[in-house]
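Structural characterization, general
Spelled out, the chains give:
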Amino acid sequence: MMTPIKKVDYLTLVQSGASVVREIQKKTDSGIVVSTISRSSDFNEEPIVNILLVEDNPADRRLVSERLGNKSKHHFQLVYAESISEALQALAQNKISVILLDLQLPDCQDLESVTKVHAAATGIPIVVLSEVEDETLALKALQLGAQDFLVKWHTNEHLLVRAVQYALERKQ
């Protein structure tokens with residue numbers, strides 16, 4: 001008889017080159033979804049980087065999850081929030097290393113989301129993920145405390161992982 005080690009909502013294994021990308025997703029008692037992404041060649045070798053992904057679009061959440069898992073040598077654990085209120089709750093309940101923040105959320109729009117998250121997460125780097133390619137908006141987000149500003153449709157695996165790594169380095 002087999003005894004389950006850990007209950008998960010779902011497990012995804014994807015072949016990527018010579019290694020396997022593993023994503024384990026579970027929902028906490030408070031309803032926050034936590035996803036752990038790692039490559040088979042790196043299982044238990046790298047420290048875990050806890051990322052709060054504040055994104056209300058399921059397709060964009062999945063895309064970010066896949067991009068962080070495909071090209072990274074790091075072990076990422078994603079905590080999902082669909083609104084600023086959920087993000088603030090997730091920040092209070094988890095040790096977050098970096099925040100990936102969408103600007104168009106149900107309870108907050110544009111730069112207001114950067115201001116609210118930055119105030120609640122002093123010392124945690126924020127990388128903005130935007131649908132809009134706008135240099136003025138990007139500069140304002142950086143002035144308000146974001147470490148980087150990425151346009152979603154311009155972002156690939158390498159750029160996203162690098163933005164996370166650089167944001168973490170700048171905050172150390």
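These notes cover the structure that comes with them. No experiment lies behind these values; they were computed from the predicted model shown.

Cut-offs applied
- Residues numbered from 1 in each chain as written.
- Predicted model: local features only at pLDDT ≥ 70, side-chain atom pairs only at ≥ 80, totals over all residues.
- Heavy atoms only, no water.
- Helix = DSSP H or I, 4+ residues; strand = E, 2+ residues; numbered from the N terminus.
- Contact = heavy atoms within 4.5 Å.
- Areas by Shrake-Rupley, 256 points an atom, 1.4 Å probe, with all protein chains shown as cover.
- Core = buried A, V, L, I, M, F, W, Y, C linked by side-chain atoms within 4.5 Å.
- Buried < 20%, exposed > 50% of the residue type's maximum accessible area, 1.4 Å probe, protein only.
- Arc of directions from axis to C-beta.
- Salt bridge = Lys/Arg side-chain N within 4 Å of Asp/Glu carboxyl O.
- Axes fitted to C-alpha atoms, helices over the stretch in contact; angles between N-to-C directions.
- Parallel < 35°, antiparallel > 145°, perpendicular 65-115°, else oblique.
- Left-handed = near helix turned anticlockwise from the far one by under 90°.
- Polar contact = N/O pair within 3.5 Å; in protein donor to acceptor, adjacent residues only side chain to side chain.

**Some details on the overall build of the protein chain**
Along its length, the protein chain carries five helices and 10 strands. Considering only intrachain contacts with a sequence separation of at least 6, the fraction spanning at least 24 residues in the protein chain is 59%. Accessible surface for the protein chain amounts to roughly 9,200 Å². Of this, 52% is attributable to carbon and sulfur atoms.

**Side note on the nonpolar core**
Within the largest apolar cluster, 27 residues are counted, with the highest numbers of intra-cluster contacts made by Leu52, Val54, Ile99, Leu101, Val128 and Phe149. Secondary structure elements with two or more residues in this core: β4 (48–54), β5 (75–81), α2 (84–93), β6 (98–102), α3 (111–120), β9 (126–130), α4 (135–143) and β10 (148–151). In contact with Leu52, not counting residues within four places along its chain, are Val79, Ala81, Ala87, Ala90, Leu91, Ile96, Val98, Ile99 and Leu100. Among the nonpolar cores identified, the runner-up in size contains 19 residues, and Leu53, Leu100, Val164 and Ala167 belong to it.

**What about α3?**
What α3 keeps buried is the set Leu111, Ser113, Val114 and Val117. All buried residues of α3 lie within an arc of 150° about the axis, which places them on one face of the element.

**Focus on the pattern of salt bridges**
One pass over the full model with this rule turns up seven salt bridges. Ionic pairing is found between Lys152 and Glu131, a salt bridge with its closest N-O pair at 3.4 Å. Here Glu131 lies in the loop between β9 and α4 and Lys152 lies in the loop between β10 and α5 (157–171), a separation of 21 residues in the sequence. Take Glu131: its relative accessible area is 42%, and that puts it in the partly exposed class.

**What about the packing of α2 against α3?**
To describe two helices that pack against each other, one gives the angle between their axes and the distance between the axes. Running from N to C, α2 and α3 point in directions that differ by 15°, and their axes come no closer than 10 Å. With respect to their mutual orientation, α2 and α3 come out roughly parallel. In this structure, the crossing between α2 and α3 has a hand that is right-handed. Along its contact with α2, which presents Ile84, Leu88 and Leu91, the element α3 presents Ser113, Lys116, Val117 and Ala120.

**Here's the deal with the side chain of Asn50**
Note that Asn50 resides in strand β4. Judged by relative accessible area, Asn50 falls into the buried class, the value being 16%. With residues near it in sequence (within four places) discarded, Asn50 still touches Gln77, Lys95, Ile96, Ser97 and Val98.

**Quick word on α4**
When we look at burial in α4, the residues that qualify are Leu137, Ala138 and Ala141. Projected down its long axis, α4 carries its buried residues within an arc of 100°, all on one side. In α4, the exposed residues that point more than 90 degrees away from the buried face are Glu135 and Gln143. Among the residues of α4, the N-terminal cap falls to Asp134, whose side-chain oxygen and the backbone nitrogen of Thr136 are separated by 3.0 Å.

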